[in-house]
Amino acid sequence: MTAYDDLMAFQRQTEALAQVAGRLGWDQETMMPRGAAEQRSEELAAMEGVLHARRTDPRIADWLAASDPADPVGRAQVRLIRRSYDRAVKVPARLAEEIARVTSVAQGIWAGARAADDVAAFLPVLTEVIGLRREEAACLARGGDPYDALIDDYEPGMTAVDIGALFDRMRPRLVALRAAVLASPHQPQPLEGHFGTEAQLRLARDLATAFGYNWDNGRLDLAVHPFSSGSGADVRITTRVVETDPFNCLYSTIHEVGHACYELGIDPDYALTPLGSGVSMGVHESQSRIYENQLGRGRAFTGWLHGQMRDRFGDFGIASPDAFHGTVNRVRPGYIRTEADEVQYNLHIMMRFDLERALMRGDLAPRDLEAAWNDRFLADFGVAVDRPSHGMLQDVHWSVGLFGYFPTYALGNIYAGCLYQALRAAVPDLDAQLAQGDTSGATGWLRENLQRHGGLYAPREVVTRACGFAPTEGPLLDYLEAKFGEIYRL
Ligand code: ZN
């Protein structure tokens, strides 16, 4: 056994235990009896303790020092293990435990505060979470920008300066497009009516199948907030049902299928190694977004979906496939990020990016966050926030300490725009396939050119390799202007 073999054998067990911890999380959101919450948090904390001890095990430093694999896969494994080890040992165990403890409590407090529209009930714990994450960021940054250190956890190699410049270039075109869309006399029809739960779930399953989800390695369950979970041979998805809004269930299912297919599409040789999961949150989101938006909300696929909806729900008041495409992509003012259309979604992210950057720098005090949020929302969206659950209490992220995570949603959209441009060039009859409900040309191309690599290449590198050009915001903005220009006859 070489040092590299020892390192990989040890790492494999760590990865397996991390999958077990993830499955406890999945169970908590889907199956767990309500009375088990307290015990579950203790079970998860125990797993977290085991994982943290393994990730900071001093033998890793020795094995790394003695490992020098010649092949690119081995070198990538070593690079990722070193990255994770260096990060883990920079943060004192006391601080890591304190963050885990406080954020697990904070999520419950946030949920109660959101339900009661009570910012004051959330502020003390939010202030604590922000303080702890700033302390952690200072340990990680070692003199650099602390917010960059947090972004690096989710999107390795990306910085706040790069993201800020990207957003500055995107904003004017998005704002102009939204203004034109909202002012257009050609407004799509809203979807109205009642759509039964069982029929929605049957169609959601058929959509997952249509997008290539492998039911031998997955399952679909209900959860309050849809998510996907797991890597390797066990990647599960969840959805939710609103009987007046079937698009909620159908498109969150397609979104989660995109995440799951990324994990399932990774080379099986990488399973239970650092290469065996998606390389970054931004690249992950690029897969969920391209499945959901560029493919699932495109004119070709919605034509097929319109027929499916009529077969299952009868006449639901939208007669033509063109009208249905408009309905699916309807742009309306709204407070909620997760319900935002493709035109406005990135504007929600830009606002969160600026606010959390200010919080992490100490330029904005947590007690001033609500006023800052409301002022900014009015300026960016032209609407006054009517209650905190429509404002700063709407997202779970900050309660669990996820600072630096929001920008990865916009990066995912940008990568998806680039990948879609490359995909269209590579699969000339893409629309004809999608119009038959056949996504295999698109999903096969994504698996072959991006998904199968897992963590082998850095985030921007894997997108660049797939597209043949370095990712920029241009293709996404061109796509949005063309798509919404056609729907709204601009
Ligand atoms: Zn997602």
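For the structure, see preceding data.
Figured I'd write up the structure that's included with this text.

Thresholds, definitions, all that
Residues numbered from 1 in each chain as written. Predicted model: local features only at pLDDT ≥ 70, side-chain atom pairs only at ≥ 80, totals over all residues. Heavy atoms only, no water. Helix = DSSP H or I, 4+ residues; strand = E, 2+ residues; numbered from the N terminus. Expected span 1.5 Å × (residues − 1). Buried < 20%, exposed > 50% of the residue type's maximum accessible area, 1.4 Å probe, protein only. Contact = heavy atoms within 4.5 Å. Pairing = 2+ DSSP bridges. Axes fitted to C-alpha atoms, helices over the stretch in contact; angles between N-to-C directions. Salt bridge = Lys/Arg side-chain N within 4 Å of Asp/Glu carboxyl O. Parallel < 35°, antiparallel > 145°, perpendicular 65-115°, else oblique. Nonpolar A, V, L, I, M, F, W, Y, C, P; charged D, E, K, R; others polar.

### Describing helix α20 (residues 474–487)
For step 1, the next point in the chain: Look at α20: 20 Å from first C-alpha to last across 14 residues, which is about the 20 Å you get at 1.5 Å a residue.
For step 2, the next point in the chain: Counting buried residues in α20 gives 10 out of 14 residues, a clear majority hidden from the surface.
For step 3, the next point in the chain: In this structure, the buried side of α20 is in contact with α8 (160–183), α11 (281–295), α13 (321–328), α14 (345–361) and α16 (406–426).
For step 4, the next point in the chain: In the stretch just after α20, Arg489 is the one whose phi turns positive, near 50°.

### Topic: the pairing of strand β3 (residues 236–239)
For step 1, the next point in the chain: Covered by surrounding structure in β3 are Arg236 and Thr238 together with Ile237 and Thr239, the residues of both alternating faces.
For step 2, the next point in the chain: Pairing between strand β1 (residues 220–222) and β3: three bridges, direction parallel. Looking across to β3, one finds that Leu220 is bridged to Ile237.
For step 3, the next point in the chain: One ladder, built from two bridges, connects strand β2 (residues 228–229) with β3; its direction is antiparallel. If you follow Ser228 over to β3, its bridge partner there is Ile237.
For step 4, the next point in the chain: Joining the antiparallel neighbours β2 and β3 is a turn of six residues, in which Gly230 adopts a positive phi near 105°.

### Observations concerning the environment of Val181
For step 1, the next point in the chain: With respect to the element layout, Val181 can be found in helix α8.
For step 2, the next point in the chain: Spatially, the C-alpha atoms of Val181 and Ile151 are 33 Å apart, while their sequence positions differ by 30 residues.
For step 3, the next point in the chain: The contacts of Val181, once residues within four sequence positions are left out, are Gln187, Val331, Phe484, Tyr488 and Leu490.

### Quick look at the sheet that holds β2
For step 1, the next point in the chain: With mixed pairing, the three strands of this open sheet are ordered in space as β1-β3-β2. Each edge of the open sheet is held by one strand with a lone partner, namely β1 and β2.
For step 2, the next point in the chain: Those strands touched by helix α10 (residues 246–265) are β2 and β3, and its axis lies near 165° from that of β3.

### What about the pattern of salt bridges?
For step 1, the next point in the chain: The tally for this structure, following the rule as stated, stands at 30 salt bridges.
For step 2, the next point in the chain: Note that Asp57 and Arg59 form a salt bridge whose closest N and O atoms lie 2.9 Å from each other.
For step 3, the next point in the chain: The closest approach of N and O atoms between Asp431 and Arg424, which form a salt bridge, is 2.9 Å.
For step 4, the next point in the chain: Taking relative accessible area as the criterion, Asp431 reaches 35% and is therefore assigned partly exposed.
For step 5, the next point in the chain: A single salt-bridge network, built from bridges that share partners, covers Arg87, Arg133, Glu136 and Asp153.

### Some thoughts on the packing of α16 against α20
For step 1, the next point in the chain: At a minimum axis separation of 7 Å, α16 and α20 run at an interaxial angle of 80°. The orientation of α16 with respect to α20, classified from their angle, is roughly perpendicular. Of the residues in α20, those in contact with Asn413, Ile414, Gly417, Cys418, Tyr420 and Gln421 of α16 are Pro475, Leu476 and Tyr479.
For step 2, the next point in the chain: Counted by class, the contact of α16 with α20 contains six nonpolar, three polar and no charged residues.

The values are spatial; any link to function lies outside them.
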